[in-house]
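# Inside the fold
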Amino acid sequence: MYDFDELTAFADVMATGSLTRSAQKLGLAKSTLSRRISQLEARLNQPLLRRQANRLIPTEAGLLFHTYCNELLAMAAHSQEALAELREEISGKVTLEVHGALARSWMASAIDAFLKQYPKVELTLHTRETPPTKMHSNSVHVWLGPTHECGLNQERLGELARGLYASPDYLATADAPSHPDQLEHHAWVDLLATASNGLLLTHPEQGEYLFSPPHSRLRVDLTTLHIDAIARGQGIGLLPHWLVEKREQHHPGELINCLPGWEPAALPVTLLYAYGHQSRRINALLDFLRTHIPVQWRIESAVI
């Protein structure tokens, strides 16, 4: 069993190269610091440091042991932090990144409830329309759409089914399609070329149809702009039913499902966070998000 005072003494001397500077930094007598390193060397039965000119430099054994020494000290620090958390209320800073399509429609009200439940947590909310590639240990991301391997833990929360929507004004000037093969004669509103490689639409009775969207005169990079453009009569576009229902609560009659029954694959909603030990505040946020997803997402996920 290692003595952590001895490990701390060795690690600090490795950093400074001087007993005098390390003793001053650690608030110890130089003789005490020297004795701790000698005790560690005796415990390992290996010399770890040797004097060269006015500096202490590591031996081959010292270089090798230094890596393990730092790992042991880091593990000790992490364990102390974890134990300290058990004695404290859930508090501190967390960052939540949410896909822009979900920020106002779901997250705004959910965050109010989270902050009310944990009054000592400070939360920073970011919206984004691109998936993360790395994440700080005190961050969580909720993504809408396909994911790829990004070195993060990925946990499915649910799914959003989608359909083809247009505004009544647009359909009043263009014949409403009765089959996907008629879509090529309509204006298409694209969200960052999401259907540029073709869109497989499925109908419970009529089977499948691979739709190749026509060139889009309007392409946008934000889901809210996409919905607005379709509602203003710019053409037909692909939207999650749940988002349309939320918009209809405030703007009834703006959007119509112009090909009911014809739908592409549902969009997954995924929780992303760093691997490894999570702080209590991050675990609290993760548990909160798992239990506060809209029930419609769970129903769609269970059916599909």
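The text that follows walks through the structure, step by step, so that each part is easy to find.

What counts, and where the lines are drawn
- Residues numbered from 1 in each chain as written.
- Predicted model: local features only at pLDDT ≥ 70, side-chain atom pairs only at ≥ 80, totals over all residues.
- Heavy atoms only, no water.
- Helix = DSSP H or I, 4+ residues; strand = E, 2+ residues; numbered from the N terminus.
- Rg over C-alpha atoms; globule rule 2.2 N^0.38 Å.
- Buried < 20%, exposed > 50% of the residue type's maximum accessible area, 1.4 Å probe, protein only.
- Contact = heavy atoms within 4.5 Å.
- Areas by Shrake-Rupley, 256 points an atom, 1.4 Å probe, with all protein chains shown as cover.
- Pairing = 2+ DSSP bridges.
- Axes fitted to C-alpha atoms, helices over the stretch in contact; angles between N-to-C directions.
- Parallel < 35°, antiparallel > 145°, perpendicular 65-115°, else oblique.
- Left-handed = near helix turned anticlockwise from the far one by under 90°.
- Nonpolar A, V, L, I, M, F, W, Y, C, P; charged D, E, K, R; others polar.
- Salt bridge = Lys/Arg side-chain N within 4 Å of Asp/Glu carboxyl O.
- Arc of directions from axis to C-beta.
- Polar contact = N/O pair within 3.5 Å; in protein donor to acceptor, adjacent residues only side chain to side chain.

Now for the overall build of the chain. Scanning the chain for helices and strands turns up 10 helices and 14 strands. Against the compact-globule benchmark of 19 Å for 304 residues, the chain has a radius of gyration of 29 Å, which places it well outside the compact range. Dimensions along the principal axes, computed over C-alpha positions, put the chain at roughly 90 × 40 × 30 Å. Per-residue burial over the chain gives 45% buried out of 304 residues. Within the chain, contacts between residues at least 6 apart in sequence are counted, and of these 74% link residues at least 24 apart. Approximately 16,800 Å² of the chain is accessible, and the part contributed by carbon and sulfur atoms is 51%.

Right, let's talk about the pairing of strand E10 (residues 207-211) for a bit. Judged from the 5 bridges that link them, strand E9 (residues 199-203) and E10 form a sheet pairing that is antiparallel. Paired with Thr 202 across the strands is Glu 208, a residue of E10. Where E9 folds back on E10, the antiparallel hairpin that results is connected by 3 residues.

Let us now look at the sheet that holds strand E7 (residues 162-166). Sheet strands pair via backbone hydrogen bonds, and the direction of the pair is either parallel or antiparallel. In spatial order, the strands read E12-E7-E13; together these 3 strands make up an open sheet with antiparallel pairing. Among the strands making up the open sheet, the edge pair consists of strand E12 (237-240) and strand E13 (256-257). When E7 meets E12, the two strands line up antiparallel, connected through 4 bridges. Bridging from a neighbouring strand, Gly 163 pairs with Leu 239 of E12.

Now for the packing of helix H5 (residues 100-117) against helix H8 (residues 241-250). Angle between the axes and distance between the axes are the two parameters that describe a pair of packed helices. Close contact between H5 and H8 brings their axes to 11 Å; oriented N to C, the two are set at 50°. Taken together, H5 and H8 sit at an angle that is classed as oblique. The two elements H5 and H8 meet at a crossing, and its hand is left-handed. Residue-level contacts link Ala 101, Leu 102, Ser 105 and Trp 106 of H5 to Trp 242, Leu 243 and Lys 246 of H8. Of the residues in the contact of H5 with H8, the class split is 5 nonpolar, 1 polar and 1 charged.

A few words on the pattern of salt bridges. Where charged atoms of side chains with opposite charge meet at close range, the side chains can pair. If you walk through the whole model with that rule in mind, you get 8 salt bridges. One salt bridge in this structure joins Glu 6 and Arg 43, with 2.9 Å as the shortest N-O distance. Residue Glu 6 is located in helix H1 (residues 4-16), and its partner Arg 43 is located in helix H3 (residues 30-44); the two are separated by 37 residues in the primary sequence. Take Glu 6: its relative accessible area is 2%, and that puts it in the buried class. For Arg 43, a relative accessible area of 44% puts it in the partly exposed group. Residues joined in a network through salt bridges with shared partners are Glu 155, Asp 287 and Arg 290.

An α-helix turns once every 3.6 residues. As a result, residues three or four positions apart point the same way. Within helix H2 (residues 19-26) the residues assigned to the buried category are Leu 19, Ser 22 and Ala 23. The arc that holds every buried residue of H2, seen down its axis, measures 100°, which confines them to one face. Turned more than 90 degrees away from the buried face of H2 sit Gln 24 and Lys 25, all of them exposed. For H2, the elements touching its buried residues are H1, H3 and strand E2 (55-58). Near the N-terminus of H2, the side chain that reaches the backbone nitrogen of Thr 20, with its oxygen 3.2 Å away, is that of Ser 18. Within two residues after H2, Gly 27 carries a phi angle of roughly 70°, on the positive side.

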